[in-house]
Amino acid sequence: MKHIFANWKMYLDFDETMILTNQLLQEDFNLEKINLAFFPNALSCSEVIKAVQDSPIEVGAQTVNWTPRGAYTGGTSAEFYKNVGCKYALVGHSERRYVFGESDEDTHKKLSACLDAGLTPVLCIGETKEDREEGKTEYRLKKQLMKAFENLELGGNELIIAYEPVWAIGTGDACLPDEVFKIAKFITNEVKQYFEAYAPVLYGGSVKAENVVSYLSQDIVAGVLVGGASTKLDTFLAVIKEIENL
Ligand code: 13P
């Protein structure tokens with residue numbers, strides 16, 4: 001079973017989100033081999049959940065507020081997402097870290113909030129171009145994991161990690177599969193130092209139909225987190241078809 005998670009970011013408005021969702025629902029996927037989840041914008045989440053309710057497709061939040069309720073104008077809490085039927089939430093996506101200025105501490109609080117609310121967090125980690133050029137990839141990943149997991153209890157919840165090198169996101173410059181395998185092994189070993197439970201590792205960063213199979217050919221990569229290519233019917237269908245044929 002491979003996870004295919006579609007992060008629609010802020011690419012699609014409400015109507016476009018629903019059109020894509022309904023088009024995808026009309027397709028006859030073999031979802032026995034695939035765990036498919038959509039991550040729409042906050043506004044569209046509950047409507048997407050209603051649309052997919054008779055299918056095995058799951059829905060996740062792109063980010064959450066760390067407090068269940070209160071005076072947080074513009075916030076949407078992990079609990080709110082859970083209450084409308086979300087299963088997952090992305091936490092610490094690089095766009096949250098580097099565009100919105102969220103810190104490792106914010107990521108930790110969000111991760112904790114997801115676990116408290118019963119959402120499965122998809123913790124995103126990844127090095128920048130500078131980190132990579134300075135040979136600091138493992139250092140960065142280790143540090144992001146350490147900060148995220150400080151005093152954290154999984155409490156029987158599932159945890160998923162997405163390795164998304166910042167330099168590979170939206171650039172067309174995908175990380176080479178051998179490097180992804182090496183890093184996925186590194187992350188798996190790191191996570192073992194914190195939790196007994198197995199945490200699947202996904203890869204994200206310029207995934208498309210032409211390269212998706214290369215990442216999923218080894219068990220160490222449990223799935224992919226797809227951005228741009230998941231926001232158009234033809235390119236996303238092409239990704240799914242490749243995986244169906246695995
Ligand atoms: P792209 O697939 O557009 O590179 O985005 C990856 C990503 O950020 C998924 O979360």
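This text goes with the structure placed above it.
Residues numbered from 1 in each chain as written. Predicted model: local features only at pLDDT ≥ 70, side-chain atom pairs only at ≥ 80, totals over all residues. Heavy atoms only, no water.

Undergrad: Sorry if this is basic, but what is going on with the overall build of the chain here?
TA: A count of helical and extended segments in the chain gives 10 helices and 8 strands. Over its C-alpha trace the chain gives a radius of gyration of 17 Å, about what one expects of a compact globule, namely 18 Å for 246 residues. Dimensions of the chain, computed from the C-alpha atoms along their principal axes, are close to 45 × 45 × 30 Å. Looking at the chain residue by residue over its 246 residues, the buried ones come to 54%. When contacts within the chain are restricted to residue pairs at least 6 apart in sequence, those whose partners lie at least 24 apart make up 73%. Here the chain displays about 11,500 Å² of accessible surface, and carbon together with sulfur accounts for 49% of that area. (Helix = DSSP H or I, 4+ residues; strand = E, 2+ residues; numbered from the N terminus. Rg over C-alpha atoms; globule rule 2.2 N^0.38 Å. Buried < 20%, exposed > 50% of the residue type's maximum accessible area, 1.4 Å probe, protein only. Contact = heavy atoms within 4.5 Å. Areas by Shrake-Rupley, 256 points an atom, 1.4 Å probe, with all protein chains shown as cover.)

Undergrad: For this particular structure, what's the right way to read the layout of surface pockets?
TA: Quantified by volume, the largest pocket comes out at close to 580 Å³. Along its surface, the largest pocket is lined by 25 residues, and M10, Q62, T63, R96 and F100 are the ones closest to its centre. No other element matches helix 4 (residues 94-99), which puts 3 residues into the lining of the largest pocket. Partitioning the lining of the largest pocket into residue classes produces 11 nonpolar, 10 polar and 4 charged. Roughly 200 Å³ of volume is contained in the second largest pocket. Lining the second largest pocket are 19 residues; nearest its centre among them are G170, G205, S206, G227 and G228. Across the lining of the second largest pocket, the residue classes tally to 6 nonpolar, 10 polar and 3 charged. (1 Å grid on protein atoms, 1.4 Å probe; cavity = no way out; pocket = protein on both sides within 12 Å on 5 of 7 lines; lining within 4 Å. Points joined across faces, edges and corners; volume = space filled by probe spheres on them. Nonpolar A, V, L, I, M, F, W, Y, C, P; charged D, E, K, R; others polar.)

Undergrad: I tried to follow the pattern of salt bridges on my own but got confused; where do I start?
TA: Once their charged atoms are close, side chains differing in charge can pair, the charge on each being opposite to the other. Enumeration over the complete set of coordinates arrives at 12 salt bridges. Between E134 and K136 there is a salt bridge; the shortest N-O distance is 3.2 Å. Given a relative accessible area of 52%, E134 falls into the exposed group. Within this structure, R96, E102 and K110 form a network of salt bridges that share partners. (Salt bridge = Lys/Arg side-chain N within 4 Å of Asp/Glu carboxyl O.)

Undergrad: Please explain the nonpolar core as it appears in this structure.
TA: Nonpolar side chains tend to gather and get buried jointly when the protein is soluble and globular. Formed by 71 residues in total, the largest nonpolar core has its most connected members in L36, F38, L123, F149, I161, I187 and Y203. For this core, the element with the most residues is helix 8 (residues 177-192), which contributes 7 residues. Setting aside its immediate chain neighbours within four residues, L123 contacts V91, R97, T107, L111, L145, A148, F149, L159, I160, I161 and A162. (Core = buried A, V, L, I, M, F, W, Y, C linked by side-chain atoms within 4.5 Å.)

Undergrad: Help me out: how do you make sense of the side chain of S94 in this one?
TA: Secondary-structure assignment places S94 in helix 4. With near-sequence residues (within four places) excluded, S94 lies in contact with V99, V166 and I169.

Undergrad: I would appreciate a short explanation of empty space enclosed by the protein in the present structure.
TA: Over the atoms rolls a probe the size of a water molecule, and in doing so it shows where empty space is left. Tallied over the entire structure, the rule returns 1 cavity of 30 Å³ or more. Taken as a whole, the largest cavity spans an internal volume of roughly 30 Å³. Lining the largest cavity we find G92, S94, R97, C124, I125, G126, Q144 and E164. Listed by contribution, the elements that provide at least two residues to the lining of the largest cavity are helix 4 and strand 5 (120-125). Looking at the lining of the largest cavity, its residues break down into 2 nonpolar, 4 polar and 2 charged.

Undergrad: I would appreciate a short explanation of the environment of V52 in the present structure.
TA: With respect to the secondary-structure elements, V52 resides in helix 2 (residues 45-52). Aside from chain neighbours lying at most four places away, what touches V52 is T21, L25, F38, I57 and V59.

Undergrad: What's the story with the sheet that holds strand 6 (residues 160-163) in this structure? I'm lost.
TA: In sheet architecture, strand pairing relies on hydrogen bonds along the backbone and comes in two forms, parallel and antiparallel. The strand order around the closed barrel formed by 8 strands is 1-2-3-4-5-6-7-8, and the pairing between neighbours is parallel. Going across the sheet, the axis of each strand differs from the next one's by a mean of 25 degrees, ignoring polarity. Bridge count for strand 5 against strand 6 is 4 bridges, and the pairing is parallel. Bridged to V122 within strand 6 is I160. (Pairing = 2+ DSSP bridges. Axes fitted to C-alpha atoms, helices over the stretch in contact; angles between N-to-C directions.)

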